[in-house]
Amino acid sequence: EAGVTQFPSHSVIEKGQTVTLRCDPISGHDNLYWYRRVMGKEIKFLLHFVKESKQDESGMPNNRFLAERTGGTYSTLKVQPAELEDSGVYFCASSPLGNTQYFGPGTRLTVL
Amino acid sequence: GDSVTQMEGPVTLSEEAFLTINCTYTATGYPSLFWYVQYPGEGLQLLLKATKADDKGSNKGFEATYRKETTSFHLEKGSVQVSDSAVYFCALRMASGSARQLTFGSGTQLTVLP
């Protein structure tokens, strides 16, 4: 069974540009989460989808971040426009209802 | 709000040494507790978990006991190997309610030397 995949693995962009991160969860997992680790600090929750609906987006830092999950399958996280403080590693995780979260390898975003 | 505090790294040990990584938490209820590990170039993997007080989670020689009285979940291994070199994250998740996300500590980088 394929695990959670994320694309790209690494993205380097300039301040003011737009970047879109993609996450493909494990097939059949209704729950999808986005997290972020900035500069070696703790991993912080961004938002949670249940199927295609946003269950909790309390961790989204500001309105430059937009997450979607079309059809309840893969999800995208767009940052527009990117700022220097957005640099970090973005993790996606998926789970069946209420169970262990399985994480992807992360996308390392560098904003110059 | 809920939070997790874990021992700052980096930690460097020789092979076969004893490992302890401290983790304490603050939560308003009774959370489930987790240790995740991230090996170089890979995603986070669940190492072990405990869902109630006095439970002991164990996996791959690692152990952690849920201590409600000290609000702790320290990770231990009796004899580390070079292959244990990784970043270790302590985390909690509330057992009920709408908040299903994990709350993580800052991570501890472990390097084991041959």
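These numbers come from a predicted model, not from an experiment.

Participant: Which residues make up the overall build of chain A, and what values go with them?
Facilitator: Along chain A, the regular secondary structure elements total zero helices and eleven strands. Ordering the α and β elements of chain A from the N terminus gives β-β-β-β-β-β-β-β-β-β-β. For 112 residues, the compact-globule estimate of 2.2 N^0.38 gives 13 Å, and chain A sits close to it at 13 Å. Counting only C-alpha atoms, chain A reaches 40 × 25 × 25 Å along its principal axes. In chain A, which comprises 112 residues, the proportion classed as buried is 48%. Partitioning the contacts of chain A with sequence separation of at least 6, the portion at a separation of at least 24 is 51%.

Participant: Could you give me a rundown of unusual backbone geometry, with the residues and numbers involved?
Facilitator: Geometrically, the link from Phe 7 of chain A to Pro 8 of chain A is a cis peptide bond, its omega value of -5° lying close to zero. The omega torsion across Gln 80 of chain A and Pro 81 of chain A is -10°, close enough to zero to call that bond cis. Tracing the chain through its elements places Pro 81 of chain A in the loop between strand 8 (75–79) and strand 9 (88–95). Its identity is not glycine, yet Glu 16 of chain B carries a phi of approximately 75°, on the positive side. Structurally, the position occupied by Glu 16 of chain B is in the loop between strand 2 (11–14) and strand 3 (19–21). Even without a glycine there, the phi angle at Asp 54 of chain B is positive, about 75°. Within the fold, Asp 54 of chain B resides in the loop between strand 6 (44–50) and strand 7 (56–59). Using a relative accessible area of 54% as the deciding quantity, one classes Asp 54 of chain B as exposed.

Participant: Please give an account of the state of the cysteines that cites residues and values.
Facilitator: The full count for this structure, using the stated rule, is two disulfides over all chains. Through a disulfide, Cys 23 of chain A is tied to Cys 92 of chain A; the S-S separation comes to 1.8 Å. Judged by the torsion about the S-S bond (-60°), the Cys 23 of chain A/Cys 92 of chain A disulfide is left-handed. Of this pair, Cys 23 of chain A sits in strand 3 (residues 19–24) while Cys 92 of chain A sits in strand 9; the two residues are 69 residues apart in sequence, bridging distant segments of the chain. Grouping residues by exposure puts Cys 23 of chain A and Cys 92 of chain A together as buried. Two residues, Cys 23 of chain B and Cys 90 of chain B, share a disulfide whose sulfurs are 1.9 Å apart. Here the S-S torsion is close to -70°, and the disulfide linking Cys 23 of chain B with Cys 90 of chain B is therefore left-handed. Placement of Cys 23 of chain B in strand 4 (residues 23–26) and of Cys 90 of chain B in strand 10 (residues 86–94) is noted, with a sequence separation of 67 residues between them. Residue Cys 23 of chain B is classed as buried on the basis of its relative accessible area of 1%.

Participant: Account for the pairing of strand 12 (residues 108–113) of chain B, naming residues and giving values.
Facilitator: All names here are of chain B. Here strand 12 shows one buried face, formed by Thr 108, Leu 110 and Val 112, and one open face, formed by Gln 109, Thr 111 and Leu 113. Across four bridges, strand 2 lies against strand 12 in parallel orientation. Opposite Ser 14, over in strand 12, you have Leu 113 as the bridge partner. Judged from the three bridges that link them, strand 10 and strand 12 form a sheet pairing that is antiparallel. Bridge pairing in strand 12 places Val 87 opposite Gln 109.

Participant: Give me the sheet that holds strand 7 (residues 65–68) of chain A: which residues, what numbers.
Facilitator: All names here are of chain A. If you trace the four strands from one edge of the open sheet to the other, you get 1-3-8-7, paired in antiparallel fashion. Both outer strands of the open sheet, strand 1 (5–7) and strand 7, are each paired with one neighbouring strand and no more. The average undirected angle you get between the axes of adjacent strands in this sheet is 15°. Pairing of strand 7 with strand 8 involves four bridges; the strand directions are antiparallel. Directly across from Ala 67, in strand 8, lies its bridge partner Leu 77.

Participant: How would you summarise the environment of Thr 103 of chain B if you had to cite specific residues and measurements?
Facilitator: All names here are of chain B. With respect to the helices and strands, the residue Thr 103 is situated in strand 11 (residues 103–104). Distance in space between the C-alpha atoms of Thr 103 and Arg 93 is 6.4 Å, their sequence separation being ten residues. Among residues more than four places away in sequence, those in contact with Thr 103 are Asp 2, Ser 3, Val 4, Cys 90, Ala 91 and Leu 92.

What counts as what
Residues numbered from 1 in each chain as written. Chains lettered and ligands numbered in written order. Predicted model: local features only at pLDDT ≥ 70, side-chain atom pairs only at ≥ 80, totals over all residues. Heavy atoms only, no water. Helix = DSSP H or I, 4+ residues; strand = E, 2+ residues; numbered from the N terminus. Rg over C-alpha atoms; globule rule 2.2 N^0.38 Å. Buried < 20%, exposed > 50% of the residue type's maximum accessible area, 1.4 Å probe, protein only. Contact = heavy atoms within 4.5 Å. Disulfide = S-S within 2.5 Å. Pairing = 2+ DSSP bridges. Axes fitted to C-alpha atoms, helices over the stretch in contact; angles between N-to-C directions.

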